[in-house]
Amino acid sequence: MFTPFTTWNQFITFMENIDKIHDEECWPWKGEVDDDGYGVYQRGKRLPEKVHELSWELFGGTIPTELVISQTCGNKLCANPKHLQAIINKEEENDYMEKPV
Ligand SMILES: [Zn+2]
């Protein structure tokens, strides 16, 4: 089975919710979106997970420890593996710091 999915149904539902127009362009997620504006997908009984991270795992492999996956195109709904990169978790820390309590 395709990592990170454990059943065909999970994989097919996931792919059906991605709008793949062109290989090079953004692949907007059509499913659920979280409070931060990221696409989320629920695998079975797990908590909803970020779509671009699942896409990274599906197309790119594992997420290195201490790194986060981010979209190079700036589109939070984009799931195109060509628009994804693994970066040090610095930006998220900054985002967190800037948020009002
Ligand atoms: Zn994109």
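Residues numbered from 1 in each chain as written. Predicted model: local features only at pLDDT ≥ 70, side-chain atom pairs only at ≥ 80, totals over all residues.

## Re the overall build of the protein
A count of helices and strands for the protein gives 3 helices and 4 strands. Taken from N to C terminus, the helices and strands of the protein fall in the order α-β-β-α-β-β-α. Out of the 101 residues in the protein, the part that is buried amounts to 16%. Counted over contacts in the protein with a minimum sequence separation of 6, partners at least 24 positions apart contribute 37%. (Helix = DSSP H or I, 4+ residues; strand = E, 2+ residues; numbered from the N terminus. Buried ≥ 20, exposed ≤ 12 C-beta atoms within 10 Å, placed from the backbone. Contact = placed C-beta atoms within 7 Å.)

## As for helix H2 (residues 51–59)
Taken as a whole, H2 has its buried residues at Val51, His52, Glu53, Leu54, Ser55 and Trp56. Against helix H1 (8–16), strand S1 (40–41), strand S2 (49–50), strand S3 (67–71) and strand S4 (84–88) lie the buried residues of H2. Backbone geometry just after H2 places Gly61 at a positive phi near 115°.

## Regarding the nonpolar core
Counting 9 residues, the largest nonpolar core consists of Phe5, Phe14, Trp27, Trp29, Tyr41, Val51, Leu54, Cys78 and Ala79. Non-local contacts of Cys78, meaning those with residues more than four positions away in its chain, are made with Cys26, Trp27, Pro28, His52, Gln71, Cys73 and His83. (Core = buried A, V, L, I, M, F, W, Y, C linked by C-beta atoms within 7 Å.)

## Topic: unusual backbone geometry
The backbone phi angle of Glu66 is positive, close to 70°, even though this residue is not glycine. With respect to the helices and strands, Glu66 occurs in the loop between H2 and S3. Assessed through the 8 C-beta atoms surrounding it within 10 Å, Glu66 is described here as exposed.

## Looking at the environment of Thr13
Positionally, Thr13 belongs in helix H1. When the C-alpha positions of Thr13 and Arg43 are compared, they lie 9.9 Å apart, and in sequence the two are 30 residues distant.

## Topic: the environment of His52
As for its placement among the helices and strands, His52 is situated in helix H2. The class for His52 is buried, based on 26 C-beta atoms found within 10 Å. Along the primary structure His52 and Tyr38 are separated by 14 residues, whereas in three dimensions their C-alpha atoms are 8.1 Å apart. Leaving out residues up to four positions away in the same chain, His52 has contacts with Tyr38, Ile69, Gln71, Cys78, Ala79 and Leu84.

## Remarks on the confidence of the model for the protein
Per-residue pLDDT for the protein has a mean of 88; in total, 86% of the residues score no lower than 70. No element of the protein has a lower mean pLDDT than helix H3 (residues 90–98), at 56, and none a higher one than S1, at 98. (pLDDT = per-residue confidence, 0-100.)

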